[in-house]
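Coordinate analysis (summary)
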Amino acid sequence: GIRDTLARMRELTEALRSGVWRGATGRPISDVVNIGIGGSQLGPQFACEALQREAHPRLKVHFVGNVDPALWARLSADLNPATTLFVIASKSWRTLETTRNAMAARQWLIDSGIQGAALARHLLAVSSNQAAAIEFGIAPDNVFACPDWVGGRYSLWGAVGLPLMISIGADAFEALLGGAHAMDQHFLRAAPTRNAPVMLALVSVWNASLLGSGTEAVIPYRDDLRKLAAHLQQLQMESNGKSVRIDGRVVDRPSVPVVWGEPGTDSQHSFFQALHQGTRVHPIDFIVVGNAADTDPWQRGRALLANALGQAQALALGHPHEDPHRRHEGNRPSTIIHLPALQPAHLGALIALYEHKTATQAWLWGINPFDQWGVELGKKLAADIEPLLAKTSRHQGSLDPATAATLLRLQPRA
């Protein structure tokens, strides 16, 4: 079960962090490379960066998602096969990007002389398809179960979180789970008017329906949270990017907005101009961490908080001016979410907050937040098109004219 998997993750983590687990040549592992995509990457990658201050000093964790070979070429140039461990995360073991990248990684190990049984010191798998992982060459004891009923974007809390546990340690990972559990209990028991996920969802649905902006920005005023928007894009948009209700009827109002964002204060000097004076209103979640106590001699932490509050105030109240170019109309909504500190428990609560917000939005819209049929069509069409890219024939079968013409430009020349 899940508890057994967490116990096995702890055992592996402690062996790696202590140096007991060694590579095929007897050297301790220095680099852990997670090969996955979507929910098998975005959550763990975001959390690893957010909690980088908790990271083990020897172990560096990397993430390979994109099937672009340039990504692997760039990363592998700085890795040593003898001290590199791969975690191949694929629930179905059928995701094209993950399979191709895993094949490249395995061949990289083989080319370095790590072959046969020795590969077990360098390859782990997170999957619900244990048979396929073993057929690929993963030792059975190195496969960590990911239940097939858990969608990838909600799976950080189990085996998909293995690279995170390796980075921050099993105790810190337990604290992350504790923070998420506390948010679960709050969501379950708090009255709607004092229920943070419910209020976030209600505000978001209200803004989507009345403002018509179609977007929702997430601006963390902490650089460690710079990948928060990327994680929330998948969580909210893959979950709720639907136009058909569970009962088959068409959704009769705007559903999920596009989620986007970058850290403050950088973003204040790029796109905030449009947020303040553009013709469309874009609601914002400001994420702030800590308090005004600042040990930095240049008081940069205090300046960070002041900027977040100043932006929220300007958006809400605006600024009258006789020159229309300098006038700020205001009445632009934002929400401030405050974390006392950026520790594992606080991060767990933040992630769970948005998960429950996402589920509540889905209930309000009457849609299913746990499927993603829109993702599947593009995958199928790509699988059909790929063999055609290797041909020089002008016969394109039943392809539409635009795709056929583009394909001709991309095919190898005869």
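Look above for the structure.
Residues numbered from 1 in each chain as written. Predicted model: local features only at pLDDT ≥ 70, side-chain atom pairs only at ≥ 80, totals over all residues. Heavy atoms only, no water.

Quick look at the overall build of the protein
Selection criterion: Working definition: helices are DSSP H or I runs of at least four residues, strands are E runs of at least two. Numbering for both runs from the N terminus. When we talk radius of gyration, it's over C-alpha atoms, and the globule rule is simply 2.2 Å times the number of residues to the 0.38. Throughout, a contact is declared for two residues whenever any of their heavy atoms are within 4.5 Å. Accessibility throughout is a Shrake-Rupley quantity obtained with a 1.4 Å probe, and a residue counts as covered only by protein chains that appear here. Counting rule applied: Lys, Arg positive; Asp, Glu negative; His and chain ends not counted. Charged groups are reduced to one reference atom each: NZ for lysine, CZ for arginine, CG for aspartic acid, CD for glutamic acid.
Across its full length, the protein holds 14 helices and nine strands. Over its C-alpha trace the protein gives a radius of gyration of 24 Å, about what one expects of a compact globule, namely 22 Å for 414 residues. Considered along the principal axes of its C-alpha atoms, the protein spans approximately 75 × 60 × 45 Å. A separation of at least 24 residues holds for 73% of the contacts in the protein among residues at least 6 apart in sequence. Accessible surface for the protein amounts to roughly 20700 Å². Of this, 56% is attributable to carbon and sulfur atoms. Of the side chains in the protein, 38 bear a positive and 36 a negative charge, and the two mean positions are spaced by 2 Å.

Digging into the nonpolar core
To keep it simple, the criterion reads: To form a nonpolar core, buried Ala, Val, Leu, Ile, Met, Phe, Trp, Tyr and Cys residues must be joined to one another through side-chain atoms within 4.5 Å. Exposed residues in this analysis have more than 50% of their type's maximum accessible area, buried residues have under 20%, and partly exposed residues fall in between, with area computed by a 1.4 Å probe over protein chains only.
Core analysis: the biggest nonpolar cluster contains 59 residues, and V126, L162, F173, L347 and Y354 have the highest contact counts within it. With sequence-adjacent residues up to four places away left out, L347 is seen in contact with F46, A47, A50, L51, L176, L225 and L342. By size, the runner-up hydrophobic cluster in this structure holds 22 residues, among which are V33, I35, W72 and L119.

Considering the sheet that holds strand β1 (residues 31-35)
For clarity, the threshold we go by: Between any two strands, pairing holds if DSSP finds at least two bridges. What counts as an axis is a line fitted to C-alpha atoms, over the stretch in contact for a helix, and the angles between N-to-C directions run from 0 to 180 degrees.
Taken in spatial order, the five strands line up as β2-β1-β3-β4-β5 in an open sheet, and their pairing is parallel. Unpaired on one side and paired on the other, β2 (60-64) and β5 (143-145) mark the two borders of the sheet. Neighbour to neighbour, the strand axes of the sheet diverge by 20 degrees on average, direction disregarded. Each of β3 (84-89), β4 (123-127) and β5 touches helix α1 (residues 2-18); the most contacted strand, β5, lies at about 145 degrees to it. Helix α3 (residues 69-76) rests against β1, β2 and β3 of the sheet, and its axis sits at about 165 degrees to β2.

A word on helix α9 (residues 228-240)
For the α-helix, the turn length of 3.6 residues means that residues three or four positions removed from each other point alike. Rule in force here: In a helix, the anticipated span is given by 1.5 Å times the number of residues less one.
Its 13 residues place the ends of α9 18 Å apart at the C-alpha level, agreeing with the 18 Å of an ideal helix rising 1.5 Å per residue. Among all positions in α9, only L228, A229, H231, L232, Q234, L235, Q236, S239 and N240 are buried. Buried residues belonging to α9 abut α2 (42-50), β6 (215-220), β7 (258-260), β8 (284-289) and α12 (344-365).

Comments concerning the pattern of salt bridges
What counts, and what does not: By salt bridge we mean one thing: a side-chain nitrogen of Lys or Arg within 4 Å of a carboxyl oxygen of Asp or Glu.
Enumeration according to the criterion identifies 16 salt bridges in this entry. D371 is the partner of K242 in a salt bridge, and the nearest nitrogen-oxygen pair spans 2.7 Å. Residue K242 is located in the loop between α9 and β7, and its partner D371 is located in the loop between α12 and α13 (373-389); the two are separated by 129 residues in the primary sequence. There is no split in this pair, since K242 and D371 are both buried. Here D252 ties to R253 by a salt bridge, and the two come within 3.9 Å at their closest N and O atoms.

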